[in-house]
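The lines below spell out each chain.
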Amino acid sequence: MKIINSTTRPINNIHYICMHIGGSPVTCYVINGKDGSLLIDTGFYFCCDKLRKWLGQFNIRHILLTHAHVDHDFNAAKLRKSTGAQILLSEKDVPLIGNYRSQPVKATMRKYRLRNVQQNVCGGMKLFSTRPYSPDIVIKPQDSGILRSLGYDADIVPLPGHTLGSVGVLADGVLYCGDAFTAIWGRPDITPHAASLKAMRHSLKRILKISPQWLATGHGLPVSMDKARPVIINYLSERSLI
């Protein structure tokens, strides 16, 4: 497994660990707060030991899941048990826990149609399903400031589309956006799949409006907004959406 993290490759003071297996990177992040740290996403099953070791330098008090897909929430319950942290998840993704097919995805571009079929098929397999867990804090639409009440200088940003309940975290010029955008192939790109194409496109517009300095994606290294912006604009322009 290839591992890159914020110690071996610093990027704008963003605390991250990017774990590659089979050419598919999975990335988790940490934001420090007044009384401890917030872990954003927990990776797939092969990530747990490496992630837990890296997290040893932090006092993890909360685990925010950008969405309830297995490559983001698989280790949430394990890490809650070992750290005592509370899990936060959007209420619209609670029914998605361990039930990928409850929100079947569509290809965001024609070139991803075959990949999309594979995604929906594999999503129903036990290997690609998270064991059921219950979030300690359910994020509702009015809860944009909930992280501030927990001691973090950060805000929740609704980014539905990839899943119906996808959220991001905006802190210090960085938008931790989960799979609302991606860098899975080593470059800024549109995420290949979405449960709602319409909502995903609205979320891309929201990202443009927020215009953070960096996008910290769920797959791949953080990318600068200067590099991501033209990719988003091109995608939306080709569909006459801006």
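Residues numbered from 1 in each chain as written. Predicted model: local features only at pLDDT ≥ 70, side-chain atom pairs only at ≥ 80, totals over all residues. Heavy atoms only, no water.

Some words on the pattern of salt bridges
Tallied over the entire structure, the rule returns seven salt bridges. Residue D153 is joined to R148 by a salt bridge in which the shortest nitrogen-to-oxygen separation is 2.6 Å. Among the ionic pairs, R187 bridges to D189, the shortest N-O distance being 3.4 Å. Overall, the relative accessible area of 8% leaves D189 in the buried class. Through salt bridges with shared partners, a single network forms among R148, D153 and D155. (Salt bridge = Lys/Arg side-chain N within 4 Å of Asp/Glu carboxyl O. Buried < 20%, exposed > 50% of the residue type's maximum accessible area, 1.4 Å probe, protein only.)

Re the side chain of N5
Its place among the elements puts N5 in strand β1 (residues 2-5). A relative accessible area of 13% places N5 in the buried class. For N5, the side chain forms a polar contact with the main-chain nitrogen of T7, separated by 2.8 Å. Those residues within four positions of N5 in sequence are excluded, and the remaining contacts are P10, Y16, I17 and W54. (Helix = DSSP H or I, 4+ residues; strand = E, 2+ residues; numbered from the N terminus. Polar contact = N/O pair within 3.5 Å; in protein donor to acceptor, adjacent residues only side chain to side chain. Contact = heavy atoms within 4.5 Å.)

Observations regarding the layout of surface pockets
Space left empty within the atom packing is revealed by a probe, the size of a water molecule, rolled over the atoms. In this structure, the largest pocket spans a volume of roughly 650 Å³. In this structure, the largest pocket is lined by 25 residues; those nearest its centre are S24, D71, R115, Q119 and H219. If you list the elements that add at least two residues to the lining of the largest pocket, you get β3 (24-32), α2 (70-73) and α4 (113-123). The element contributing the most residues to the lining of the largest pocket is α4, with five residues. (1 Å grid on protein atoms, 1.4 Å probe; cavity = no way out; pocket = protein on both sides within 12 Å on 5 of 7 lines; lining within 4 Å. Points joined across faces, edges and corners; volume = space filled by probe spheres on them.)

Observations regarding helix α6 (residues 197-210)
An α-helix turns once every 3.6 residues. As a result, residues three or four positions apart point the same way. For α6, built from 14 residues, the straight-helix expectation of 20 Å at 1.5 Å per residue is met to within 8% by its first-to-last C-alpha distance of 20 Å. All buried positions along α6 are accounted for by A199, M200, S203, L204 and I207. Along the axis of α6, the buried residues cluster in a sector spanning 145°; they form a single face. Exposed and facing more than 90 degrees away from the buried side of α6 are K198 and K209. Elements in contact with the buried residues of α6: β9 (155-158), β11 (174-178), β12 (193-194), β13 (214-217) and α7 (225-238). Downstream of α6 by a residue or two, S211 has a phi angle that is positive, lying close to 50°. (Expected span 1.5 Å × (residues − 1). Arc of directions from axis to C-beta.)

Here's the deal with the sheet that holds β3
Taken together, the seven strands give an open sheet; going across it, the order is β1-β2-β3-β4-β5-β6-β8, and neighbouring strands pair in mixed fashion. Strands with a single pairing partner mark the edges of an open sheet, and in this sheet they are β1 and β8 (137-139). On average, each strand axis in the sheet is tilted by 20° relative to the strand beside it, whichever way the strands run. Bridge analysis of strand β6 (residues 86-90) against β8 gives three bridges, and the strand direction is parallel. Counted as the bridge partner of S90 is I139 from β8. Across the face of the sheet, helix α3 (residues 76-83) comes into contact with β4 (37-40), β5 (60-64) and β6 while running at roughly 165° to β5. (Pairing = 2+ DSSP bridges. Axes fitted to C-alpha atoms, helices over the stretch in contact; angles between N-to-C directions.)

Describing the packing of α6 against α7
Where α6 contacts α7, the axes come no closer than 10 Å and their chain directions differ by 140°. It follows that α6 is oblique to α7 by the angle criterion. α6 and α7 meet at a crossing whose hand is left-handed. Residues M200, R201, L204, K205, I207 and L208 of α6 pack against M225, R229, I232, I233, Y235 and L236 of α7. Taken together, the residues of the contact of α6 with α7 break down into nine nonpolar, no polar and three charged. (Parallel < 35°, antiparallel > 145°, perpendicular 65-115°, else oblique. Left-handed = near helix turned anticlockwise from the far one by under 90°. Nonpolar A, V, L, I, M, F, W, Y, C, P; charged D, E, K, R; others polar.)

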